[in-house]
Amino acid sequence: MPGPDVDASIRGARRDGIAVGLATAAYGISFGALSVASGLDVWQTCFLSLVMFTGGSQFALVGVIGAGGVAAGGSAIAAAALLGVRNVVYGMRMRPVVGEHGLAHRIAAAWLTIDESTAVALAQANERAARVGFWVTGLAIFIGWNLTTLAGALIGDALGDTRAYGLDAAAAAAFLGLLWPRLKRVQAGATAVLAAVVATVATPVLTPGLPVLVAAAVALVVGWFDLFRRREAAR
């Protein structure tokens, strides 16, 4: 039987999950408005949030399409897929936490394995609290994200050309907001600066979408050779 400490940690995990879910869902309004501004209609926008359900990849997809139109579709899909690879790593880490209870359970767990649900789960003190944190966070974000996506898409559709209101910059702003807390270490900060410089230089000479892939390749190379972390450790 769970003791008082376990019960308290489960309640804490539940609170953390709801709080993170409410905060993260707010991004859905920006995504919905930006998606409509990029040329997708309301139903296509909602379908993306329902099926793709990973904010970074969704912003990457509509951001590239917004910059290059239908011709940039291939680059947009590649950029979104590249960002989505991290969820595979999360899935391997979270498998012992969520357990295996049938096919439907595994599909649901895979669908809800995102940055926030993984982070809340790993922050808990015991396995039961981690499991509760994972499911509460994932479900809260899934419901909230899809509702706010619909709201943002309807608002953007009613406004018409949302670029006139500066909403075409929402993707970059959202990415920066998601990235900023992760830049505390030397390697993360240096990699972000280097990738940004490469993307800036490549933008005038490459078709829309390709600079994102080139910058991502730079980040992969730096991470593979662990260059900046070695220098940090040598200090």
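Residues numbered from 1 in each chain as written. Predicted model: local features only at pLDDT ≥ 70, side-chain atom pairs only at ≥ 80, totals over all residues. Heavy atoms only, no water.

For the chain, an unreviewed UniProt entry supplies the name Branched-chain amino acid ABC transporter permease and the organism Agromyces luteolus. What UniProt states about the chain under its Subcellular location (unreviewed entry) heading is, verbatim, "Cell membrane". Regarding the chain, the UniProt comment filed under Sequence similarities (unreviewed entry) reads as follows: "Belongs to the AzlC family." (UniProt positions renumbered as here; feature names shortened; annotations may be inferred.)

Topic: the overall build of the chain
Helix and strand counts for the chain come out as 12 helices and zero strands. Mapped in sequence order, the helices and strands of the chain form the string α-α-α-α-α-α-α-α-α-α-α-α. Expressed as a percentage of the 235 residues in the chain, the buried residues total 37%. The contacts of the chain with a sequence gap of at least 6 include a subset with a gap of at least 24, amounting to 74%. Counting every atom, the chain has about 13,100 Å² of accessible surface; 69% of that belongs to carbon and sulfur. (Helix = DSSP H or I, 4+ residues; strand = E, 2+ residues; numbered from the N terminus. Buried < 20%, exposed > 50% of the residue type's maximum accessible area, 1.4 Å probe, protein only. Contact = heavy atoms within 4.5 Å. Areas by Shrake-Rupley, 256 points an atom, 1.4 Å probe, with all protein chains shown as cover.)

Some remarks on the UniProt feature "transmembrane region" (unreviewed entry) in the chain
Sites flagged by UniProt as "transmembrane region" (unreviewed entry) map to residues 18-40, 60-85, 132-156, 162-181, 188-206 and 212-228. The span residues 18-40 carries 83% helix and 0% strand; its end-to-end C-alpha distance comes to 30 Å. This span, residues 132-156, is 100% helix and 0% strand, and a straight line between its end C-alpha atoms measures 35 Å.

Looking at the side chain of Thr 24
Locating Thr 24 in the fold gives a position in helix H1 (residues 4-25). Among the polar contacts made by the side chain of Thr 24, one reaches the main-chain carbonyl oxygen of Val 20 at a distance of 2.8 Å. In this structure, Thr 24 is in contact with Glu 116, Ile 141 and Trp 145, ignoring residues within four places of it in sequence. (Polar contact = N/O pair within 3.5 Å; in protein donor to acceptor, adjacent residues only side chain to side chain.)

Description of the nonpolar core
The biggest cluster of nonpolar side chains holds 20 residues, and the ones touching the most others in it are Phe 31, Leu 48, Phe 53, Val 62, Phe 134, Trp 135 and Trp 145. Elements with a minimum of two residues in this core: helix H2 (27-37), helix H4 (55-68), helix H5 (73-98) and helix H8 (127-159). The element contributing the most residues to this core is H8, with five residues. Among residues more than four places away in sequence, those in contact with Trp 135 are Val 98, His 105, Ala 108, Ala 109 and Leu 112. (Core = buried A, V, L, I, M, F, W, Y, C linked by side-chain atoms within 4.5 Å.)

Points about the packing of H2 against helix H3 (residues 42-51)
Viewed as axis vectors pointing N to C, H2 and H3 meet at an angle of 135 degrees, and their least axial separation amounts to 9 Å. It follows that H2 is oblique to H3 by the angle criterion. Two packed elements cross with a definite hand, and for H2 against H3 that hand is right-handed. Mapping the contact onto sequence places Phe 31, Gly 32, Ser 35 and Val 36 in H2 and Thr 45, Leu 48 and Ser 49 in H3. (Axes fitted to C-alpha atoms, helices over the stretch in contact; angles between N-to-C directions. Parallel < 35°, antiparallel > 145°, perpendicular 65-115°, else oblique. Left-handed = near helix turned anticlockwise from the far one by under 90°.)

Thoughts on the pattern of salt bridges
A full pass over the atoms with the stated rule returns one salt bridge. Close ionic contact of Arg 131 with Glu 127 constitutes a salt bridge, the shortest N to O distance being 2.9 Å. With a gap of four residues between them, Arg 131 and Glu 127 both fall in helix H8, about one helical turn apart. For Arg 131, a relative accessible area of 27% corresponds to the partly exposed category. (Salt bridge = Lys/Arg side-chain N within 4 Å of Asp/Glu carboxyl O.)

A closer look at the environment of Met 52
Structurally, Met 52 can be placed in the loop between H3 and H4. Taking the C-alpha atoms as reference, Met 52 lies 8.6 Å from Trp 111; in sequence the two are 59 residues apart.

Describing the packing of aromatic side chains
Going through the model one piece at a time under the given rule, you end up with three aromatic pairs. An angle of 80 degrees between the planes, with centres 5.0 Å apart, marks the rings of Phe 53 and Phe 142 as edge-to-face. Placement of the pair is Phe 53 in the loop between H3 and H4 and Phe 142 in helix H8, with a sequence separation of 89 residues. Centre to centre, the rings of Phe 134 and Trp 135 are 5.3 Å apart; their planes meet at 85 degrees, and the pair counts as edge-to-face. Classification of Phe 134 as buried rests on a relative accessible area of 0%. (Phe/Tyr/Trp six-rings, centres within 6.5 Å; stacked < 30°, edge-to-face > 60°.)

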